[in-house]
Amino acid sequence: MKQAIVFNADDTLLPLIQRWQGFLQKERLYSEHTLDAYLRDLAIFLQRIGKGKKIGLNDLENLSVHDFRYFLSNRAAQNISKSSIARELSTIRNFFKWLDANDIVKNAAISVIATPRQAKILPKALDVQDSFDVLEEAQKIATSDWQGLRDKAILTLLYGCGLRISEALALNVGDITAKSEILRIRGKGNKDRIVPLLPIIWQNIAAYLAECPYTPVNGEPLFLGARGERISPRILQRQMQKLRWRLGLPDNLTPHALRHSFATQLLAAGVDLRSIQQLLGHSSLMTTQRYTDVKTETLQKEYDKAHPLEKA
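Residues numbered from 1 in each chain as written. Predicted model: local features only at pLDDT ≥ 70, side-chain atom pairs only at ≥ 80, totals over all residues. Heavy atoms only, no water.

J.: Quick question: what am I supposed to make of the pattern of salt bridges here?
T.: Pairing of side chains with opposite charge becomes possible as their charged atoms draw close. Per the stated rule, a full pass over the model turns up 13 salt bridges. The closest approach of N and O atoms between Arg193 and Glu167, which form a salt bridge, is 2.7 Å. Highlighted residues: Arg193 in strand 2 (residues 192-196) and Glu167 in helix 8 (residues 165-169), separated in sequence by 26 residues. Given a relative accessible area of 7%, Arg193 falls into the buried group. By sharing partners, the salt bridges in this structure join Asp100, Asp103 and Lys106 into a single network. (Salt bridge = Lys/Arg side-chain N within 4 Å of Asp/Glu carboxyl O. Helix = DSSP H or I, 4+ residues; strand = E, 2+ residues; numbered from the N terminus. Buried < 20%, exposed > 50% of the residue type's maximum accessible area, 1.4 Å probe, protein only.)

J.: Would you explain helix 9 (residues 199-211) in this entry?
T.: Two residues of an α-helix separated by three or four positions point the same way, owing to the 3.6 residues in each turn. Taking 1.5 Å per residue, 13 residues should reach 18 Å; helix 9 reaches 19 Å between its end C-alpha atoms and fits that length. Within the span of helix 9, buried status applies to Ile201, Asn204, Ile205, Tyr208 and Leu209. One side of helix 9 holds all its buried residues, which, seen down the axis, span an arc of 135 degrees. Among the exposed residues of helix 9, those pointing more than 90 degrees away from its buried face are Pro199 and Ala210. Against helix 7 (145-161) lie the buried residues of helix 9. (Expected span 1.5 Å × (residues − 1). Arc of directions from axis to C-beta. Contact = heavy atoms within 4.5 Å.)

J.: Help me out: how do you make sense of helix 1 (residues 14-27) in this one?
T.: Taking 1.5 Å per residue as the helical rise, helix 1 with its 14 residues ought to reach 20 Å, and the 20 Å between its terminal C-alpha atoms agrees with that figure. In the segment just after helix 1, Leu29 is the residue with positive phi, at about 60 degrees.

J.: Can you help me understand the nonpolar core in this one?
T.: Across soluble globular proteins, you tend to see nonpolar side chains buried next to one another. Leu155, Leu157, Leu163, Leu183, Ile205, Tyr208 and Phe223 are the most contacted members of the largest nonpolar core, which totals 48 residues. Contributions of two or more residues to this core are made by helix 6 (128-140), helix 7, helix 8, strand 1 (182-186), helix 9, helix 10 (233-247), helix 11 (256-268) and helix 12 (273-280). Counting residues per element, this core draws most heavily on helix 7, at 9 residues. If sequence neighbours within four positions are ignored, Leu157 has contacts with Gly162, Leu163, Ala168, Leu171, Ile176, Leu183, Ile201, Ile205 and Phe223. Counting residues in hydrophobic clusters, the runner-up holds 33 residues, among them Ile17, Tyr38, Leu39 and Ile110. (Core = buried A, V, L, I, M, F, W, Y, C linked by side-chain atoms within 4.5 Å.)

Right under this line is the structure:
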């Protein structure tokens, strides 16, 4: 059970934190999980800069560049990861931006604080043959034939359309039919995108539906668990763990790797980054840009294996 969030704030600040929370929830449509993370980040910030006293509006207005840097160095000294510190700083910026936009507090010091540089983490992707092996083997290791067909259909969606696992499992009966040539997906931030559908995707879904022991009903969950409820992502994550062992794949491989494989293999085939961005539903091209690094890394490995000097 999560610990209750306590803000080190006085009576001038607490009502404003509640208003900001309402803004994030009702206007920005943040999920419960994201909202909880933002509130906890702000609570940590107020606790650290308070140094034993409750923080009020005047305190926030008078914070200096030194104060913000003190907070960041304090977090780093506690061995908090750079990614976590960057997220906390993003939360603080969001709060101060909201205060500024509502003419409550204006503090320019936050604008000069740089986000901690993070080590670049390349997406984990499979090559073409490993991707195909995962799809085929997933059908074989399931508890029953219909569940094997279900798992193969879901993983084909991740690999064939570049879907996130949450997007694939959110599909309902009727979202994809034999006549479907495109699929409309609602992804992160409630943003819609359209992805093309290869014939094999419907073929695999149809094969699953034909064997599924539950009667499909339009508008109800497409992919079902053993008890007839919408399947949990954890089921697919466990199956991927088994696949890693059976196929000798990297230990950090997850279902999301099939989405990465979709992107890197399209890039290798000559599809431009802007198109891949739209297919993946990235809001920023910078996010999609990571896949050029994956492609370069793969080329380097192939070059090292093939060049005559490497064999000399």
